Amino acid sequence: SSGINAEYGEKGNVFVVNLETFDLSGYQIMWNQTIPKSQKVHPGPVTAIEEHPVDPAKLLIGYENGRLVVWDLKSKEVIKSYCSDRPLSCAFWISDVKQFISGHIEGSLAIWNFNSTRVEEKPVKSFKPHEFYNEASSPQPCNLINKVKWLSTKSDPVLIFTGGVPGPNSSFFITIFHGRKRESFNLEKPIVDFVVMCASPYAKDIQDPSVIVVLLSDDIIAIDLTSHNFSRYPAPYGVTVGVSPVTHLSIYPSCPSSLL
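### Structural notes on the sheet that holds strand β4 (residues 46-51)
Each strand in a sheet pairs with another by means of backbone hydrogen bonds, the pair being arranged parallel or else antiparallel. Strand order in the open sheet made by the four strands is β4-β5-β6-β7, with antiparallel pairing throughout. Each end of this open sheet is capped by a strand with a single partner; those strands are β4 and β7 (77-83). Sheet twist, expressed as the average angle between the axes of neighbouring strands with direction ignored, equals 20 degrees. With five bridges connecting them, strand β5 (residues 58-63) and strand β6 (residues 67-72) associate as antiparallel partners. The partner of Ile-61 across the bridge, within β6, is Val-69.

Spelled out as structure tokens, the structure:
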């Protein structure tokens, strides 16, 4: 088994890591392989890597300058490229894998077509969910979208993202859209990460998310997506999760017994 890892810093290269040995393989995606030969401008560091949920040979890579590409691991080439005029902070494959969604540093979200045969210079839709205007009719600047997910249900899809609000405490906020329901939660502590519990972990199935597990800087909370107002589950403990900060949260279904 292997995993994909972005090189930290400004180089913007991508490496493949063996998850059993944590050794680097010889497979590398250098930044200059993902841009047209006529362009010489460095796209900046990698800010998003998302494996295609149905075809693991396809990889969505996003760069700080707004450039996104779909890389084919087998043919070792870019098969689709996109260019946003807004710096990129995150990206996620939409559950039908015909589109993906990107988050940007000025608080906007954009939806892009994947299956189209033409080069997508512009997104299908772009919007700033937390934009509002002050008394002088000037838009208030929003902060970056830290992480975004778009999940399928039997009715309307569920959109979940962190950040993207005006003000100094944007990292405290998580927002949920489901049909006409829209809720934002100020969790009073910085959000480190979140994962979503679904009826099925596979993108080809209807995912029907039921719970969001949110990792804060020193706590873990859970939000019930099946309740009328997305209520929080009561914490089963009265202390923080650890003395040193926890930095990552993941759910792995169907793990082999040798891993546990």
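### Things to note about the sheet that holds strand β10 (residues 109-113)
Sheet architecture is open: four strands sit in the order β8-β9-β10-β11, paired in antiparallel fashion. Bordering the open sheet on either side are β8 (88-93) and β11 (125-127), each of which pairs with just one other strand. Pairs of neighbouring strands in the sheet enclose a mean axial angle of 20 degrees, with direction left out of account. Direction of pairing for β10 relative to β11: antiparallel, over a ladder of three bridges. From the neighbouring strand, Leu-109 faces β11, where its bridge partner is Phe-127.

### A closer look at the nonpolar core
Residues Ile-174 and Val-214 are the most contacted members of the largest nonpolar core, which totals 29 residues. Those elements giving two or more residues to this core turn out to be β8, β10, β12 (145-151), β13 (158-163), β14 (173-178), β16 (191-198), β17 (209-216) and β18 (220-224). Beyond its immediate stretch of four places on either side in the chain, Ile-174 contacts Ile-160, Phe-161, Thr-162, Glu-183, Ser-184, Phe-185, Leu-187, Ile-191, Phe-194, Ile-212, Val-214 and Ile-223. One finds Ala-48, Leu-88, Phe-100 and Trp-112 within the second-largest nonpolar core, a separate group that totals twelve residues.

### Brief notes about the packing of aromatic side chains
The tally for this structure, following the rule as stated, stands at six aromatic pairs. When the ring of Trp-93 is compared with that of Phe-114, the centres are 5.1 Å apart and the planes differ by 85 degrees; the resulting orientation is edge-to-face. Residue Trp-93 is found in strand β8, and its partner Phe-114 is found in the loop between β10 and β11; the two are separated by 21 residues along the sequence. Given the relative accessible area of 9%, Phe-114 is considered buried.

### Some words on unusual backbone geometry
Located in the positive-phi region is Phe-22, a residue other than glycine, with phi close to 60 degrees. Inspection of the secondary structure assignment puts Phe-22 in the loop between β2 (14-18) and β3 (24-29). Even without glycine at this site, Asp-208 takes up a positive phi of about 45 degrees. One can find Asp-208 in the loop between β16 and β17. On the basis of relative accessible area, Asp-208 is assigned to the partly exposed category, the value being 22%.

### What about the environment of Ala-91?
Looking at where Ala-91 falls in the secondary structure, it is placed in strand β8. Judged by relative accessible area, which is 5%, Ala-91 ranks as buried. Sequence separation of Ala-91 and Ile-49 is 42 residues, and the distance between their C-alpha atoms is 7.5 Å. Those residues in contact with Ala-91, other than ones at most four positions away along the chain, are Ala-48, Glu-50, Leu-60, Leu-68, Ile-101, Ser-102 and Val-148.

### Concerning the pairing of β12
The buried fraction of β12 amounts to five of the seven residues, a majority that puts the element mostly inside the structure. Relative to β13, β12 runs antiparallel, the two sharing six bridges. Note on β13: the bridge partner recorded for Lys-147 is Thr-162. Hairpin connection between β12 and β13: a loop of six residues separates the two successive antiparallel strands.

### Concerning the side chain of Asp-193
Its place among the elements puts Asp-193 in strand β16. A residue is classified by how much of its surface remains accessible, and Asp-193, at 10% relative accessible area, is buried. Within polar-contact distance, the side chain of Asp-193 engages the side chain of Lys-147 at 2.6 Å. Setting aside chain neighbours within four positions, we find Asp-193 in contact with Lys-147, Val-213, Val-214, Leu-215, His-248 and Leu-249.

### A short note on the pattern of salt bridges
With the rule as written, the count across this model stands at six salt bridges. Residue Lys-58 is joined to Asp-55 by a salt bridge in which the shortest nitrogen-to-oxygen separation is 2.6 Å. Taking the relative accessible area as the measure of exposure, Asp-55 reaches 23% and is therefore partly exposed. The network of salt bridges with shared partners includes Asp-85, Arg-86 and Glu-106.

Thresholds applied
- Position numbers for residues count from 1 along each chain, tracking the sequence in the order it is written.
- Since the coordinates come from a predicted model, pLDDT governs what is reported: local features require at least 70, and pairs of side-chain atoms require 80 or more to be given and counted, while whole-chain, interface and lining totals use all residues.
- Hydrogens are left out, water is left out, and the side-chain values use all remaining heavy atoms of the structure.
- Strands are treated as partners if at least two bridges between them are detected by DSSP.
- The secondary structure listing takes helices from DSSP runs of H or I that are at least 4 residues long and strands from runs of E that are at least 2 residues long, numbered from the N terminus.
- Between the N-to-C directions of two axes lies an angle of 0 to 180 degrees, each axis being a line fitted to C-alpha atoms and, for a helix, fitted only over the stretch in contact.
- Buried residues of nine kinds, namely Ala, Val, Leu, Ile, Met, Phe, Trp, Tyr and Cys, make up a nonpolar core once their side-chain atoms join them within 4.5 Å.
- Three exposure classes are used, based on accessible area relative to the maximum for each residue type with a 1.4 Å probe and protein chains only: buried under 20%, partly exposed in between, and exposed over 50%.
- Throughout, a contact is declared for two residues whenever any of their heavy atoms are within 4.5 Å.
- Only the six-membered ring of Trp is used, alongside the rings of Phe and Tyr, when aromatic pairs are assigned; centres must lie within 6.5 Å, and planes under 30 degrees apart are stacked while those over 60 apart are edge-to-face, with the rest tilted.
- Under the rule applied, a polar contact is a pair of N or O atoms within 3.5 Å (in protein, one hydrogen donor and one hydrogen acceptor; residues adjacent in sequence only if both atoms are side-chain atoms).
- When a carboxyl oxygen of Asp or Glu lies within 4 Å of a side-chain nitrogen of Lys or Arg, that pair is called a salt bridge.

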